[in-house]
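Commentary on secondary and tertiary structure
Spelled out from the first residue to the last, the chains are:
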Amino acid sequence: MKELFFATAGIPLSTQPYDTLSGIKRVRELGLDAMELEFVHNVNIGKSLAPEVKKIAEKENIALTCHGSYFINLNSMEKDKKEASAKRVLDAARRAWDCGAYSMTFHAAFYQKMPPKEVFETVKKELKEIVSELKSEGNKIWVRPEATGKASQFGTVEELVALSKEVEQVLPCIDFSHLHARSNGKVNSFPEFSSVLSLVEKELGKKALKEMHCHVSGIEYTAKGERRHLNLKESDFNYVDLLKAFREFGCAGIVVCESPSIEGDALVLKKAFNGL
Ligand SMILES: [Zn+2]
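Surrounding the zinc ion are the protein donor atoms His67 (NE2), His107 (NE2), Glu146 (OE) and Glu146 (OE), at 2.2 to 2.6 Å. The sequence motif formed by the donor residues of the zinc ion is H-x39-H-x38-E. In this pair, histidine 67 is assigned in strand 3 (residues 63-67) and glutamate 146 in the loop between strand 5 (142-145) and helix 5 (157-166), connecting sequence segments 79 residues apart. With relative accessibility at 1%, the residue glutamate 146 sits in the buried group.

Structure follows, in structure tokens:
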């Protein structure tokens, strides 16, 4: 992508009537650039609606991303749950692609007290199968395991970068607020944000910084990690330094705002970034 686009995590709250097509138009009215389709409880766009979503998004020049199901654990011990998880990733990736979405993210797995290296190998194997299936269908959506907010969840930046090196069509979705929460308050300054972006650049190349899909919100956390999302100005998350790091590294792609005030804070981010 050429620029950094700012997105709402879902249909803007001020959308009337509250549906996907109106949501895309509302994003345009608000002066934002992108919207994340929230398939977090189910794939909530029907097969017949998907081409319309694509058409409206193209007409309004709104980029789309997708967040897959919350009920995914590619490291489940139970075979049927693991298979159902892979199917949920595929179902979301297929429908999102039909909607014209650029990238799809999801929380890949839980460690379940297993050694992280072992979990990594399991997730890698599952992702390879998922991507090979998508490729065979001509589906080129970016498949993005997300940097997660709790130590019990698979998904450190290092793990995601390593996965991206080994599996085609995979890049990390970096949730910077999750990194901040997971580290119990660290990852909150220009040097710390820069070191995350440096790692991505060093391991995956400049191209990865031009194809970003990241999440930002205010966040409340404990020693165990993420507790809940907050609006930026109610939290200690240093989004200004993050935006400065995006500028410094010439990042492009999509920044999705997951604060409770999705459009309010997406606009805060966009205005702050443009003012730098
Ligand atoms: Zn997420």
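Still more ground to cover, so stick around.
Glancing now at the environment of histidine 178. Within the secondary structure layout, histidine 178 lies in helix 6 (residues 176-182). What histidine 178 contacts, discounting residues up to four positions off in sequence, is Glu146, Ala147, Thr148, Gly149, Ile219, Glu226 and His229. At a separation of 2.9 Å, a polar atom in the side chain of histidine 178 contacts the main-chain carbonyl oxygen of alanine 147.

On to the packing of helix 3 (residues 79-98) against helix 4 (residues 116-136), then. Taken N-terminus to C-terminus, the directions of helix 3 and helix 4 make an angle of 40 degrees; their axes are 10 Å apart at the nearest point. When the axes of helix 3 and helix 4 are compared, the pair comes out oblique. Crossing of helix 3 against helix 4: the hand is right-handed. For the pair helix 3 and helix 4, contact is made by Lys82, Ala86, Val89, Leu90, Ala93 and Arg94 and by Thr122, Glu126, Ile130, Glu133 and Leu134, respectively. Tallied by class, the residues present in the contact of helix 3 with helix 4 amount to six nonpolar, one polar and four charged.

Of all six residues in strand 1 (residues 4-9), five are buried; the element is thus mostly enclosed. Sheet topology places strand 1 next to strand 10 (residues 253-257); five bridges connect them, and they run parallel. If you follow leucine 4 over to strand 10, its bridge partner there is glycine 253. Relative to strand 2 (residues 34-38), strand 1 runs parallel, the two being bridged by three bridges. Bridge pairing links alanine 9 to glutamate 36 in strand 2. Regarding topology, helix 1 (residues 20-30) serves as the crossover connection from strand 1 to the parallel strand 2, and that connection is right-handed.

Counted at 1.5 Å a residue, the expected span for helix 7 (residues 190-204) with its 15 residues is 21 Å, and the 21 Å between its end C-alpha atoms agrees. Residues Phe193, Ser194, Val196, Leu197, Val200 and Leu204 constitute the buried set of helix 7. End-on, the buried residues of helix 7 take up no more than an arc of 155 degrees, which puts them together on one face. Set apart from the buried face of helix 7 by more than 90 degrees, the exposed residues are Pro191 and Lys202. Those residues of helix 7 that are buried are in contact with helix 5, strand 6 (174-175), helix 6, helix 8 (206-210), strand 7 (212-216) and helix 9 (239-248). One or two positions beyond helix 7, positive phi appears at glycine 205, with a value near 90 degrees.

Each regular strand displays side chains that alternate between the two surfaces of the sheet. Bridge analysis of strand 8 (residues 218-222) against strand 9 (residues 225-230) gives five bridges, and the strand direction is antiparallel. The residue of strand 9 that forms the bridge with glycine 218 is leucine 230. The turn joining strand 8 and strand 9, which pair antiparallel and follow one another in sequence, is formed by two residues.

Given 3.6 residues per turn, any residue in an α-helix points the same way as the ones three and four places further on. If you check helix 3, its first and last C-alpha atoms are 29 Å apart, about what 20 residues at 1.5 Å a residue would give, namely 28 Å. Of the surrounding elements, those touching the buried residues of helix 3 are helix 2 (50-60), strand 3, strand 4 (103-106) and helix 4. Where helix 3 ends, the next residue or the one after it, glycine 100, has phi of about 85 degrees, a positive value.

Residues Leu64, Phe154, Phe176 and Phe246 are the most contacted members of the largest nonpolar core, which totals 91 residues. Ranked by residues supplied to this core, first place goes to helix 4 with seven residues. Dropping the residues within four chain positions of it, leucine 64 is found in contact with Ile24, Met35, Leu37, Val53, Ala57, Cys99, Ala101, Tyr102 and Ser103.

Definitions and limits used
- Residues numbered from 1 in each chain as written.
- Predicted model: local features only at pLDDT ≥ 70, side-chain atom pairs only at ≥ 80, totals over all residues.
- Heavy atoms only, no water.
- Donors = N, O, S within 2.8 Å, 3.2 Å for Na, K, Ca; no water.
- Helix = DSSP H or I, 4+ residues; strand = E, 2+ residues; numbered from the N terminus.
- Buried < 20%, exposed > 50% of the residue type's maximum accessible area, 1.4 Å probe, protein only.
- Contact = heavy atoms within 4.5 Å.
- Polar contact = N/O pair within 3.5 Å; in protein donor to acceptor, adjacent residues only side chain to side chain.
- Axes fitted to C-alpha atoms, helices over the stretch in contact; angles between N-to-C directions.
- Parallel < 35°, antiparallel > 145°, perpendicular 65-115°, else oblique.
- Left-handed = near helix turned anticlockwise from the far one by under 90°.
- Nonpolar A, V, L, I, M, F, W, Y, C, P; charged D, E, K, R; others polar.
- Pairing = 2+ DSSP bridges.
- Right-handed = clockwise from strand over helix to strand, strands pointing away.
- Expected span 1.5 Å × (residues − 1).
- Arc of directions from axis to C-beta.
- Core = buried A, V, L, I, M, F, W, Y, C linked by side-chain atoms within 4.5 Å.

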